[in-house]
Amino acid sequence: MASGRPQHLPWSEWEHFVNYPPTITYMPEKSSRRTAIKQFVAGSAALATGGVRLNPFSAHQEPAHQVKLKGNINHSVCRWCYESIPLDEFCRSVKEIGLGAVDLVGPKNWPVLQQYGLYCSMCYTGGENSLTKGWNNLAYHATLIHDFTEVIPLMAKAGYKDVICFSGNRDGMDDETGWQNCVKGIHQVLPLAEKSGITVYMELLNSKIDHKDQMCDRSKWGVELCKRIASPNFKLLYDIYHMQIDEGDVIRTIRENVAYFGHYHTGGVPGRHEIDDSQELYYPAIMNAIVETGFKGYVAQEFIPAASDKIASLRKAIGICDV
């Protein structure tokens, strides 16, 4: 290479770029020969600045780890998917990405979230929070009533609004008995929830792969329970991953049940890993459908990162869902 000119590049073209340097742009991989020349020049400029991408129209450069959010989706992330990362470190990373909330945290860890200015967008009780021993079984009502009547005042004091619950396993129980038992038990904690401004959410879980024998495993079952309970303080947590497995038809289901779905979880199908193009769901379309319903609640990432850099996977997922 002579005088800085790339090999195989005619002097006429090289002199043009030296005398009239182009604005730095970032083009798709499919490019013409002229685009390739521009990318070469842009690459040289990036090397000269230590690999930092420059915006020629802005003197302020945002850190590369931040996601510029559009504000149409309230993003959150489920803590349990990142248990290998200490909570303090996880909270710092969540804040750096630009998130303001974390899902599925119990009272003992709320102070850590508060230390970092993070909201608990879906609370656990201080009890067992069992997915198998739920409201459909009268034998567990006493424990559940205790746990919920204990946590609701704590939530109200902390300024939190949403708490999760589960139907439990069928254990041979028919739908009607399950509905009746759930109504009987949940009605015993709803007056306190309503008085405190707290909403109780039952999560829809698949019974095909992850939670064998789970009773609340279809939107239809959960919606019927909502109708019987008949309170604005009881809704469904629609888990997109779980319901893709057990019933599919995600976007139409979201559109038709906006009155009953108050919170969403994500996850790649199959495998429950990253929500990128390695799996079958197209999350931008799903998020657009959620936004179009006028939804103002939270969408929480609940995939289990398969990549070694778990926070990078989370950052990418937020970018995918931020429509």
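This text gives an overview of the structure that appears in the document. Remember, predicted model here, so these are calculated numbers, not experimental data.

**With respect to the side chain of Gln214**
Note that Gln214 resides in the loop between strand E5 (199-203) and helix H8 (219-229). Reaching out from Gln214, the side chain makes a polar contact with the backbone nitrogen of Gly168 at a distance of 3.5 Å. The residues touching Gln214, leaving out its near neighbours within four places in the chain, are Leu131, Phe166, Ser167, Gly168, Asn169, Arg170, Leu205 and Ser207.

**So, the pairing of strand E6 (residues 234-239)**
With respect to burial, E6 is a largely interior element, five of its six residues being buried. Pairing geometry for E5 and E6, over four bridges, is parallel. Within E6, the residue paired with Met202 across the bridge is Leu236. Chirality of the crossover, the property in question, places the unit of E5, H8 and E6 among those that are right-handed. With four bridges joining them, E6 and strand E7 (residues 261-265) adopt parallel strand pairing. From the neighbouring strand, Leu237 faces E7, where its bridge partner is His263.

**Considering the nonpolar core**
With 86 residues, the main nonpolar core has Trp135, Met202, Phe234, Ile240 and Met287 as its most contacted residues. No other element matches the six residues that helix H5 (residues 141-158) contributes to this core.

**Comments concerning the environment of Leu281**
Turning to its location among the elements, Leu281 is positioned in the loop between E7 and helix H11 (283-292). You can call Leu281 buried: its relative accessible area is 11%. Sequence separation of Leu281 and Gly267 is 14 residues, and the distance between their C-alpha atoms is 8.9 Å. Discounting residues that sit within four places of it in the chain, Leu281 has contacts with Ile240, Gln244, Val250, Gly267, Val269 and Ile286.

Cut-offs used in this document
- For every chain, the first residue of the written sequence is number 1, and numbering continues from 1 along that sequence.
- Totals for whole chains, interfaces and linings use all residues, but because this is a predicted model, local features are given only for residues with pLDDT of at least 70 and pairs of side-chain atoms are given and counted only at 80 or more.
- Excluding hydrogens and water, the side-chain values take into account all heavy atoms of the structure.
- Helix and strand definitions here come from DSSP, where helices need a minimum of 4 consecutive H or I residues and strands a minimum of 2 consecutive E residues; each element is numbered from the N-terminal end.
- Polar contact criterion, stated in full: a pair of N or O atoms within 3.5 Å, where within protein one must be able to donate a hydrogen and the other to accept it, and residues adjacent in sequence count only if both atoms are side-chain atoms.
- By the convention used here, residues are in contact when the closest approach between their heavy atoms is within 4.5 Å.
- Here the term buried applies to any residue with accessible area under 20% of the maximum for its type, exposed to any over 50%, and partly exposed to those in between, with areas from a 1.4 Å probe on protein chains only.
- Only strands that DSSP links by at least two bridges are regarded as paired with each other.
- Throughout, right-handed denotes a crossover for which the path from the first strand over the helix to the second runs clockwise when the strands point away from the viewer.
- The definition of a nonpolar core used throughout is a set of buried Ala, Val, Leu, Ile, Met, Phe, Trp, Tyr and Cys residues joined through side-chain atoms within 4.5 Å.

Just distances and angles here, no functional claims.
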